[in-house]
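Secondary and tertiary structure notes
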There are 4 protein chains.
Amino acid sequence: MKKGRLEAFSDGVIAIIITIMVLELHVPHGEGLRDLGPLIPVALSYVLSFVLVGIYWNNHHHMLYACTRVNGAILWANLNLLFWLSLMPFGTAWMGESHFAKWPVVLYGGILIMNGIAYTILCNLLVKEAGPNSPLALALSRDWKGMTSIAIYAAAIAVAFLNPLLAFGMYVGVAMLWLIPDRRIERNVAREDGAE
Amino acid sequence: MKKGRLEAFSDGVIAIIITIMVLELHVPHGEGLRDLGPLIPVALSYVLSFVLVGIYWNNHHHMLYACTRVNGAILWANLNLLFWLSLMPFGTAWMGESHFAKWPVVLYGGILIMNGIAYTILCNLLVKEAGPNSPLALALSRDWKGMTSIAIYAAAIAVAFLNPLLAFGMYVGVAMLWLIPDRRIERNVAREDGAE
Amino acid sequence: MKKGRLEAFSDGVIAIIITIMVLELHVPHGEGLRDLGPLIPVALSYVLSFVLVGIYWNNHHHMLYACTRVNGAILWANLNLLFWLSLMPFGTAWMGESHFAKWPVVLYGGILIMNGIAYTILCNLLVKEAGPNSPLALALSRDWKGMTSIAIYAAAIAVAFLNPLLAFGMYVGVAMLWLIPDRRIERNVAREDGAE
Amino acid sequence: MKKGRLEAFSDGVIAIIITIMVLELHVPHGEGLRDLGPLIPVALSYVLSFVLVGIYWNNHHHMLYACTRVNGAILWANLNLLFWLSLMPFGTAWMGESHFAKWPVVLYGGILIMNGIAYTILCNLLVKEAGPNSPLALALSRDWKGMTSIAIYAAAIAVAFLNPLLAFGMYVGVAMLWLIPDRRIERNVAREDGAE
C-alpha cells in the first residue's frame, strides 16, 4: 500500500485544524485598541497551538518521508492521531477564553498527552513495518524528546492545580524543545543514502 | 480518465467533513470541570461520527487503490457519496445537542443508511468499469458487511422510537464491525500482483 | 508551468466551498420532527448549490485534464472563478433562510451568472494557450451549454421579481442540463489519443 | 527533502484561509436589497483580502516552482508565513465590520507587514539553499516589489491615523502592483531551461 494518500489526507486534516483555530479569535464589537485586550489570552493560546500543531505536521512529514510502506493498522493509528489533534481547537479556545483558568489548562494538557501517546503509537507501528534495521528504526531509537514531552505535560497538569500560568509556560517550554527540527531522521536517511 | 484528482478532491472533502464536526463542540462559558458535563453527549456523537467517516475514508482509499479507471458516472456517484457524508456534521450535532432524543437519532440513522446506499452504488459502478474478472470485482464479491450495516441501521431506526440510546449503541456496533479494516481487497490485489 | 498545483489548489478551495455550505444548516433547538420544517428551504438551497458546485468541479476537472500548459493569466482567471464560487455559501444561505424571497433569489442568480462568465473567461484563456487545433479547442467549439445557462440565469432573475419560486425552478433546470456530464471533451481527447 | 508535501500543505492552508474569510459575510436577517447595505464594507474587505491572499498563493507557487530543495529552516519559515496569513480572516473581518475604523485599519496593515516580512524571510532561505547562481537567486535579485509593498504598508499605517479610508486605498494600490504576475522567475527559469 502506498503512503501518498495517507500523507495527502493527513495534510488536509492538519491544514484544516491549524486554520480553524483562528475562527476562535472572535472579532471584537468595539473598534478601539482596547477591544483587543480581552483577546490576548486567546491569541497567546492560538500561537502556542499553531506552533504545536506545526511541530506535529513537521515531524509527521519527516517520519513518513523516511518510511516506505504503510498497512491497515498504520492507517488507523494515523486517524487516531488526527482525532486527538482535532480536539486542539476546542482545548485552545477554552483555555484562551477562560484566561488560563485551572480546568481548561488541565484539559489542554490532557489533549497534549493524548496526542503524544497517539504519535508514539504511530511511530512504533511505522518502525515495526519498516523493520528493525531500517533507517527509520535507527533514527528513532534514541527518541528521548517524545517521552520527555509527555513527562513535562504530566508535570504541567499537576502544576496547573496550583498555578495554571506556570503550566502554560511549561507547554511553551515543550514547544521550544521541538522547534529545533528533528534532524535525526534526516541525518540517518542521508547517511543511509550515502552508504548505498 | 485518471483517478488522481478524484482521490484528491474526495480526500479534501472528507478531511473537511471530519474536521468541521469538532466546531460543534462549543466552548463552555464556565471554566469548571462541571461545565464540560453537557458536552458529553456531543463529544460521544463526535467520536462515533469521526470513526464512521474515518471508516469511509479508509474503505474509499482501499477501493480506489484497487481500481484503475474512472468515468463520468463514477465522478457523480462519488459526489453523491460526498453529499451524504456532508450531512454527517448536521446529524451528529443534532443528536449530540438533543442528548440522544428520538428524532435526531432517527435522522442520524437515516443519514447513515443513505451513506451506505451511496457507497454501494459507487462500489458497483467501479466494479462495472473494472470488469467482472478484475481483482476489485473478486474482492467485493463477498461483500456482506455493507448489506449487514444497512440492515442494522434500519433496525436501529425502528429501535430508536422505543429506546434511542439502544439505537445509538447499534450504530456503535456497526462501527466496531468495520474497525477491522477491509483486508479483502488488499489481499486480492496482493494475490493478483503475486500471480503476475 | 505545470498544471498540478493549479488543480490541487482549485480542488482544495472547491472542496471547502462545497463543504462549508452545510454549516448554514443550523442545528434546530427543538428535538422534534417539526423542528426540521423551517430547515427545508435551507436544505433545498444546499442541495442545489452542492450540485451546481459539483458541476463546476466536474467540468473544471475535465477542462484541465484536456489542457497541458497554464500561464499567469490562467492562474488569475482561475482565482477569479474561485472568488465567485466562494460567494455561493453566502448566496445559498440567504436564499434558504429567507425562504426564497425576491432579492435573495435575484442575488443568487447574479452570483450564478458571474460564475458562468468567470468560467467562460477561464475556458477561453485555456483554449488560447492550447492553440486553435488542440483537442480542447475542438471540444469546446460547440459549447452551447455555457451560453444557454447564462441566458437562463438572466431570464430567471427577471422572473424572480414576479415569482421567486419559479426562478428557483429555472436554476434547478440549469443543473439538470449539466448533470449529463460534459462528454464532448472526453470523447475528443479519446479520439485524439486513438489517432496518434 | 522533497518540496511536494510542503506545497501540498501550503496549498491546503491557503485554500482554507481564502475560503473561510467568506464566513464573515454573515447572512442578513432581512430579505430586502437594503439589508445588503451594511455588508458592503465587509464585502470590500473580503475582495481585497481574497486578492492579496491570491497574490501570495501565486507568488508562493512561482517561487517554489523555481526551487528544487527544501530544508528544516525552510519548513519553519513557511509555517511562519502561513501563521501570519492565517490572521488575515480576523483582520479582514474587524476592518469590514468596523466600517474601516482607525485601529482595525492599522491592525490590518500590521498583519500585511508581518506577511511581507515572513515572505521575504522564506524567499531568502530558499535562495540560500538554491545557491547564489541559481535561476531563483537571479530572478529575485532585483526584487523591488516586496520592499516597496512593505514601505507602502508602513506609510498606510501612519496615514490610517488621519484617514483610514485613504490607508485602505493604499492597500488596494499594493494589490494592483502585484496583480501583474511575477514573470521574472518564470522568465529566468525559461531562459535557464533554454540554455541547457
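In this text the structure is predicted, and so the values were computed from the model without any measurement. (Residues numbered from 1 in each chain as written. Chains lettered and ligands numbered in written order. Predicted model: local features only at pLDDT ≥ 70, side-chain atom pairs only at ≥ 80, totals over all residues. Heavy atoms only, no water.)

Another point: helix H4 (residues 88-97) of chain A. Helical periodicity: at 3.6 residues per turn, an α-helix aligns residues three or four positions apart in one direction. Residue and element names in this part refer to chain A. For H4, the tally of buried residues reaches nine of ten residues, placing the bulk of the element in the interior. Listing the buried residues of H4 in full gives Met88, Pro89, Phe90, Gly91, Thr92, Ala93, Trp94, Met95 and Gly96. His99 occupies a position one or two residues after H4 and carries a positive phi of about 55°. (Buried < 20%, exposed > 50% of the residue type's maximum accessible area, 1.4 Å probe, protein only. Helix = DSSP H or I, 4+ residues; strand = E, 2+ residues; numbered from the N terminus.)

The next thing to look at is the environment of Ile55 of chain A. Structurally, Ile55 of chain A is set in helix H2 (residues 40-66). Judged by its relative accessible area of 5%, Ile55 of chain A falls in the buried class. Along the primary structure Ile55 of chain A and Gly146 of chain A are separated by 91 residues, whereas in three dimensions their C-alpha atoms are 12 Å apart. Residue contacts for Ile55 of chain A: discarding those within four places in its chain leaves Ala175, Trp178 and Leu179 of chain A together with Trp76 of chain D. (Contact = heavy atoms within 4.5 Å.)

Turning to unusual backbone geometry, a few remarks are in order. All names here are of chain C. With a phi close to 60°, Phe100 is a non-glycine residue in the positive phi region. Residue position: Phe100 is located in the loop between helix H4 (88-97) and helix H5 (102-130). The exposure class assigned to Phe100 is buried, which follows from its relative accessible area of 10%.

With that settled, consider the relation of the copies chain C and chain D. Take chain C, turn it by 90°, move it 0.0 Å along the axis, and it overlays chain D with an RMSD of 0.0 Å. Here the symmetry operator amounts to a four-fold rotation axis. Distance from the rotation axis, computed per C-alpha, reaches its smallest value in chain C at Gly12 of chain C: 4.3 Å. Comparing contact sets, just 3% of the residues at the interface of chain C also lie at the interface in chain D, consistent with a heterologous contact between different surfaces. (Least-squares fit on C-alpha atoms with pLDDT ≥ 70 in both.)

Contact with chain C, which involves 37 residues of that partner, is made by 30 residues of chain B. Together, the buried faces of chain C and chain B total about 2900 Å²; carbon and sulfur atoms form 76% of this surface. Seen at the junction of chain C and chain B, the total is zero salt bridges. Seen at the junction of chain C and chain B, the total is two residue pairs in polar contact (both at pLDDT 80 or more). For the side of chain C that touches chain B, the elements supplying multiple residues, two or more each, are helix H1 (4-20), helix H2 (40-66) and helix H9 (183-195) of chain C. Top element by residues in the side of chain C that touches chain B is H2 of chain C. It accounts for 13 residues. For the side of chain C that touches chain B, the class distribution of residues is 22 nonpolar, ten polar and five charged. (Buried area = accessible area lost by both parts, 1.4 Å probe. Salt bridge = Lys/Arg side-chain N within 4 Å of Asp/Glu carboxyl O. Polar contact = N/O pair within 3.5 Å; in protein donor to acceptor, adjacent residues only side chain to side chain. Nonpolar A, V, L, I, M, F, W, Y, C, P; charged D, E, K, R; others polar.)

Let us look at the relation of the copies chain C and chain B. Once chain C is rotated about the relating axis by 90° and shifted along it by 0.0 Å, it coincides with chain B to within an RMSD of 0.0 Å. When the interface residues of chain C are mapped onto chain B, a mere 3% of them again fall at the interface, so the copies present different faces.

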